[in-house]
Each structure stands twice: as C-alpha cells, then as structure tokens.
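Listed below, chain by chain, are the residues.
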Amino acid sequence: GAVVSQHPSWVICKSGTSVKIECRSLDFQATTMFWYRQFPKQSLMLMATSNEGSKATYEQGVEKDKFLINHASLTLSTLTVTSAHPEDSSFYICSATPGGREIGRQYFGPGTRLTVT
Amino acid sequence: RKEVEQDPGPFNVPEGATVAFNCTYSNSASQSFFWYRQDCRKEPKLLMSVYSSGNEDGRFTAQLNRASQYISLLIRDSKLSDSATYLCVVNIDTNAGKSTFGDGTTLTVKP
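What counts as what
Think of each chain on its own: its residues are numbered from 1, step by step along the sequence as written. Working convention: letters from A go to chains and numbers from 1 go to ligands, in the order in which they are written. Local features in a predicted model are, by the rule used here, given only for residues with pLDDT of at least 70; side-chain atom pairs are given and counted only at 80 or more, and totals for whole chains, interfaces and linings are based on all residues. Based on all heavy atoms of the structure, the side-chain values leave hydrogens and waters out of the count. Here a residue-residue contact requires only that any non-hydrogen atoms of the pair lie within 4.5 Å. One side-chain nitrogen of Lys or Arg within 4 Å of one carboxyl oxygen of Asp or Glu is enough to make a salt bridge. We call two N or O atoms a polar contact when they sit within 3.5 Å, provided that within protein one can donate a hydrogen and the other can accept it, with sequence-adjacent residues counted only if both atoms are side-chain atoms. Comment: elements are numbered from the N terminus, with helices defined as DSSP H or I runs of at least four residues and strands as E runs of at least two. Note on residue classes: Ala, Val, Leu, Ile, Met, Phe, Trp, Tyr, Cys and Pro are nonpolar, Asp, Glu, Lys and Arg are charged, and everything else, Gly too, is polar. The buried label goes to any residue with under 20% of its type's maximum accessible area, the exposed label to any with over 50%, and the partly exposed label to all in between, with areas taken from a 1.4 Å probe on protein chains only. Strand pairing is assigned whenever DSSP identifies at least 2 bridges connecting the two strands. Each axis is a line fitted through C-alpha atoms, taken for helices only over the stretch in contact, and angles between the N-to-C directions span 0 to 180 degrees. By nonpolar core is meant a set of buried Ala, Val, Leu, Ile, Met, Phe, Trp, Tyr and Cys residues that side-chain atoms within 4.5 Å join together. Cysteine sulfur atoms are paired as a disulfide whenever they come within 2.5 Å of each other.

Re the interface of chain B and chain A
Okay, step 1: Facing the 20 residues of chain B at the interface are 18 residues of chain A.
Okay, step 2: Where chain B packs against chain A, one counts 0 salt bridges.
Okay, step 3: Counting across the chain B and chain A interface gives 4 residue pairs in polar contact (both at pLDDT 80 or more).
Okay, step 4: With 4 residues, the top contributor of residues to the side of chain B that touches chain A is strand β4 (residues 32-38) of chain B.
Okay, step 5: Classifying every residue of the side of chain B that touches chain A gives 7 nonpolar, 8 polar and 5 charged.

Laid out in structure tokens, this is it:
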C-alpha cells in the first residue's frame, strides 16, 4: 500500500523557536496533502489542505502566519510552526490522497509529536 | 450539531463479544465513508471503506444507510488486539479528498 513518511517523529523545542515538519509520499504522487493536529483524547482536527504549487487552504481558526505550509513538489509538503509556544504542543499528522481509484482514501504519516517547553 | 457524530463510548467488552459502533453524519451530500482505527499515540489506519451495499472483511462488517445518514461497524468475536479508538470518517467532496472525522469511539477488549 501507499506509504507516507513524516520527519521528525518527535521534537522538543524552546518557546519562541520555529519547527519544520516534513511529510513525504514515498511511492505515489500526491497533489493534495492534509495537515491535522490532535490533542490528547481528542480527534483529529484538520488544520489545512496543501495543494502542490499553490497556497494552502486553512481551516477556520488556524493562523496561516503561524503555521506555514509549503507544498513544493508532488511528494513533499512541509509545515513550519513559527514562534512556537507551549500551547502548540500537540501531535501533528499529515495525510496524502493518491486520487484515481482511491479517491477519498487518505494515507497517514506516522505523526510528529511536538513538545514546546 | 457536529458534522460526524459517534457513539460516546468507551466500550469495554470481553474477548469473543460482538460489538457495534454507530455513526451519523449531517451532510446529505456526503459521498464516501470510511472506518479508521487509531492506536494510542499512533496515526489512524484505514480499517475499511463503507459501501452502499454493505461490506464485510473477516470479523468486521460495515453498513451504510444513506436515507438515515447512518454508518455502522460491527466487530464479531472480539480480540484483545481490537482494543483501539475507531474513527468514523466522511468525505463530502470526494475529489478534494477532504475528510471530516468523528471524535472516535474507544474500545477495550478484556480477557
């Protein structure tokens, strides 16, 4: 099946620093990738939809200047958490959709656990 | 009202039990439906897609009722390894791929 990787898998950073998370589709091209955030004991909350070669579409309440998304190629999207604060500590998960016969199906990366101290 | 609502849970069942999860969705234009499984501190993994005619995969049966906007997942002969959170996922715009997740139902299977 399709594989999506994320890097890093976990990161601890100091308040005020920026953190970049990479999401890669390893064996398929993904014109669309999604970024989610999940707090403990809660479901996934969609942050933004990332489209290759164009600006990301952010969900209501998500600050686009704080969560910078770049989708430079069909296999890579990055999420940068700028000026991170402790309240940004969360589990960030990306997903990609291959399209074609699998329209609607999402393949998830293993997630990145961010802790801001 | 949430776009996708699931049974609140948690469900605690003995091994071998049959357990059913329900999910309702509010948007009648929803086009595709899935059940995902998420283990603690892991990413969601697809359990099965849900088709209008209903579908079965081993011990798992999924059903869709478009008229009632209702999806179900039935697990027979529960195993300890079935313990996880089960997420109901609905796509409104299949081409866009954007999904709406339910809050999940936690299942614990006990020996």
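Once the structure has been displayed, the description carries forward.
Comments concerning the pairing of strand β5 (residues 45-51) of chain A
Residues and elements named next belong to chain A.
Okay, step 1: Among the 7 residues that make up β5, 5 are buried, leaving the element largely enclosed by the rest of the structure.
Okay, step 2: Examined bridge by bridge, strand β4 (residues 32-38) and β5 share 6 bridges and lie antiparallel to one another. Residue pairing in the sheet places threonine 32 in a bridge with asparagine 51 of β5.
Okay, step 3: Hairpin connection, β4 to β5: the antiparallel pair is bridged by 6 residues, and lysine 41 has positive phi, about 60°.

Some words on the sheet that holds strand β1 (residues 4-6) of chain B
Residue and element names in this part refer to chain B.
Okay, step 1: What the 5 strands build is an open sheet, ordered β1-β3-β8-β7-β6; its pairing is antiparallel. Each of the sheet's edge strands pairs with one partner strand only, and the pair in question is β1 and β6 (55-57). Each adjacent strand pair in this sheet contributes to an overall mean axis angle of 15°, direction not counted.
Okay, step 2: Sheet analysis places strand β7 (residues 60-65) next to strand β8 (residues 70-75), joined by 6 bridges and oriented antiparallel. When the bridges of β8 are listed, alanine 62 appears paired with leucine 73.

A closer look at the nonpolar core
Okay, step 1: Core analysis: the largest hydrophobic core is formed by 26 residues, its most contacted members being A:Phe67 and A:Leu114.
Okay, step 2: Elements represented by at least two residues in this core include exactly β2 (10-13), β3 (19-25), β4, β5, β7 (67-73), β8 (76-81), β9 (90-97) and β11 (112-116) of chain A.
Okay, step 3: For A:Leu114, the contacting residues outside a window of four places in its chain are A:Val11, A:Cys13, A:Val19, A:Val81, A:Asp88, A:Ser89, A:Ser90 and A:Tyr92.
Okay, step 4: Among the nonpolar cores identified, the runner-up in size contains 23 residues, and B:Phe21, B:Ala62, B:Ile75 and B:Val90 belong to it.

Details of the state of the cysteines
Okay, step 1: Enumeration over the complete set of coordinates arrives at 2 disulfides over all chains.
Okay, step 2: Bridging B:Cys23 to B:Cys88, the disulfide has an S-S length of 2.0 Å. Where B:Cys23 bonds to B:Cys88 through sulfur, the torsion about that S-S bond is close to -75°, and the disulfide is left-handed. Here the residue B:Cys23 occupies a position in strand β3 (residues 19-25), and B:Cys88 occupies one in strand β9 (residues 84-91), the gap between them amounting to 65 residues.
Okay, step 3: According to the relative accessible area criterion, B:Cys88 is buried, its value standing at 0%.
Okay, step 4: No disulfide involves A:Cys13; its nearest neighbouring cysteine sulfur is the one of A:Cys94, lying 18 Å away.
Okay, step 5: Here B:Cys40 stays free of any disulfide, with the sulfur of A:Cys94 as its closest cysteine sulfur at 20 Å.
Okay, step 6: Since its relative accessible area comes to 69%, B:Cys40 is described here as exposed.

Re the pattern of salt bridges
All names here are of chain B.
Okay, step 1: One pass over the full model with this rule turns up 8 salt bridges over all chains.
Okay, step 2: Its salt-bridge partner being lysine 79, residue aspartate 77 comes within 2.9 Å of it at the nearest N-O pair.
Okay, step 3: Overall, the relative accessible area of 36% leaves aspartate 77 in the partly exposed class.
Okay, step 4: Using a relative accessible area of 32% as the deciding quantity, one classes lysine 79 as partly exposed.

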